Amino acid sequence: MAERDETAASRPRPRGGYALLPSAILLAPVVAFLVGSNYSLARPEALLWMLGAIVVGAGLGAVVVRASAWPRTLVLTACITLFVDVRLAPVEPWHLLLVAAGIGVVVRLLGENALPILSAGFATLLVSLLVVPAEAPLQRASGSGAEARPARDDLPPVVVVVLDEHMGLEGIPIDIDGGARTREAVRGVYERHGFRLYTRAYSQYAWTLDSLGNLFNFTADARSRAFIAETEAPHVLRRNLFLQRAAREGYAIRVYQSDYLDFCRADGAPPEFCLQYKTSSAGSVQKEKLPWLEKAGLIGNTLLSKTVLARGAAGLRGVLAKAGLPVGTADAQLGMLVGPYEAMKVLDRLEADLLSGARGRLFLAHLMIPHFPYTYDADCGIQRHTPPWMKSRDAAAPAVTGPESWRRERYRRYFLQVQCLAHRLDRFFGALGAAGVLDDAVVVVLGDHGTRANERDPTPDSLAALEPKYLVDNFSALFAARGPGVKPGLEERRYPLVKAFAEVLGHHGPPPRTESLLLFQPGRKELTPAPMPDF
């Protein structure tokens, strides 16, 4: 025993430089995330996170150089496991546990060699991230500019703009503060620019993949994801009869899409131009007028949202809350989307391209606005603090006491974003009109479904317990159109989106087999029909 103690005492301690190893391990996923989000490392919110990783790592580094082998092994294993958790999220907890066990065994077997090997590896990783950063643009475009090549001058422009989660006019609840003003703003912009506004239009589906998949195929299929090829985003709408018909007629197709649903890889309709933008990159907010500490919070939420660490913390918070402990609620959701910011920039690009050369071209844009999070006020200023980031079912605003209170609060935020969008579209249509683009163009603006501002999804199992207003929340959808043969004014009959779209575009195929809502039940491929309530 004494001989073993003498051996341990005589073993040299690791050199002090290795105290930087935990900092390097913790810093690596932060830098990788920022670089991958196209976020400037020089901004104060980025520096805060990098400095935090370095400081925490420095404290752990003291253990690495001063403690015995087992504490050192535990510290290094924990740091590397956190690195894996952040970089590979989402990971199943038991998978991460196995990874941690494997890392611990390897570190222990390497003994004193673990420090130089790991130091070299993570130093190389950091240098590569800083010196040769991966390209991570918030918008990625392929193809030619609208001014770069001629198109058929005899074909009038066709413009289809999908505004994700935009309710129809009569679906907007006026018993909630701001509802009447929002109706007025929406109605005003389409009346001023000669549209026919379908006040009671509705989607037959509560989910984008089903709604747009059926819309662009002029049908109402009773199967979930009937036209979607990939199960993970970006989902691909392989069959798109709308684009295929346009291609046959000689249109050059230009697509402006999110990284959620891909129209550019549709069979038989290769686009002249395809722009894809990110909907959940923290880089979208770095130039917005938000306090830098709030941006730092957004970075942290997005960085850690899918990790086992974050999920464990949320689970612990729930357990403590159920036990009656005053742990409070999270002020901001985890895994924030920032689609509205990037969607506004894409709308700017769409406007510029239309003004550069619209004839002979079909423009299809899917914009993630007024989709949550609700970040804009009525004048398109940026709302501060976390409640405006709230999304469906994931976060409650302060003072919300129940499902209906939460619904009303969400709508108040939603209304402001819709009013902002109405102001921006007013300028958009005004610019196109002044340039003569709208003279004979066919323009369709629609939502893909409603706000879904309620506590439960509409499923066959929950239908009996849902009030009609909750179905309106989910299925009421904007539809407005203008063009040759489209009479300006109001269409006040109830209209399924696909029926209105087919009529405006002059589709002569068979009509959809049903005008009923088609409800999704998890675990089932077949959708269940249900009547759309009057609204």
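Everything below is about the structure printed above this text.
Residues numbered from 1 in each chain as written. Predicted model: local features only at pLDDT ≥ 70, side-chain atom pairs only at ≥ 80, totals over all residues. Heavy atoms only, no water.

Both faces of strand β10 (residues 479-482) are covered, namely the face carrying Phe479 and Ala481 and the face carrying Ala480 and Arg482. Relative to β10, strand β3 (residues 196-202) runs antiparallel, the two being bridged by two bridges. Bridging from a neighbouring strand, Arg196 pairs with Ala481 of β10. Relative to β10, strand β9 (residues 442-446) runs antiparallel, the two sharing four bridges. Each residue of the ladder has a partner; that of Val445, found in β10, is Ala480. (Buried < 20%, exposed > 50% of the residue type's maximum accessible area, 1.4 Å probe, protein only. Helix = DSSP H or I, 4+ residues; strand = E, 2+ residues; numbered from the N terminus. Pairing = 2+ DSSP bridges.)

Under the definition given, this model contains three cavities of 30 Å³ or more. As for the largest cavity, its lining consists of Tyr202, Ser203, Gln204, Tyr205, Ser211, Asn214, Leu215, Thr219, Pro496, Leu497 and Val498. Elements supplying a minimum of two residues to the lining of the largest cavity: α8 (208-215) and α15 (497-505). At three residues, α8 tops the list of elements feeding residues into the lining of the largest cavity. Each residue belonging to the lining of the largest cavity can be placed in one class, and the counts come to six nonpolar, five polar and no charged. When its volume is computed, the second largest cavity comes out at roughly 50 Å³. The wall of the second largest cavity is formed by Tyr205, Ala206, Trp207, Asp210, Pro458, Phe475, Leu518, Leu519, Phe520 and Leu527. Looking at side-chain class alone, the lining of the second largest cavity contains nine nonpolar, no polar and one charged residues. (1 Å grid on protein atoms, 1.4 Å probe; cavity = no way out; pocket = protein on both sides within 12 Å on 5 of 7 lines; lining within 4 Å. Points joined across faces, edges and corners; volume = space filled by probe spheres on them. Nonpolar A, V, L, I, M, F, W, Y, C, P; charged D, E, K, R; others polar.)

On to the pattern of salt bridges. With the rule as written, the count across this model stands at 32 salt bridges. The shortest N-O distance in the salt bridge between Asp154 and Arg152 comes to 2.8 Å. With its nearest N and O atoms 3.6 Å apart, the salt bridge here joins Arg408 to Glu404. One end of the pair, Arg408, and the other, Glu404, are both in helix α13 (residues 403-434), four residues apart, so they sit about a helical turn from each other. Taking relative accessible area as the criterion, Glu404 reaches 24% and is therefore assigned partly exposed. (Salt bridge = Lys/Arg side-chain N within 4 Å of Asp/Glu carboxyl O.)

Turning our attention to a nonpolar patch on the surface. A surface patch of nonpolar side chains, amounting to about 400 Å² of accessible area, comprises Val127, Leu130, Val131 and Val132. Tracing the backbone through its elements, the reader meets Leu130 in helix α6 (residues 114-131). (Patch = residues over 30% accessible without salt bridge, like charges linked within 9 Å, V, L, I, M, F, W, Y side chains within 5 Å. Areas by Shrake-Rupley, 256 points an atom, 1.4 Å probe, with all protein chains shown as cover.)

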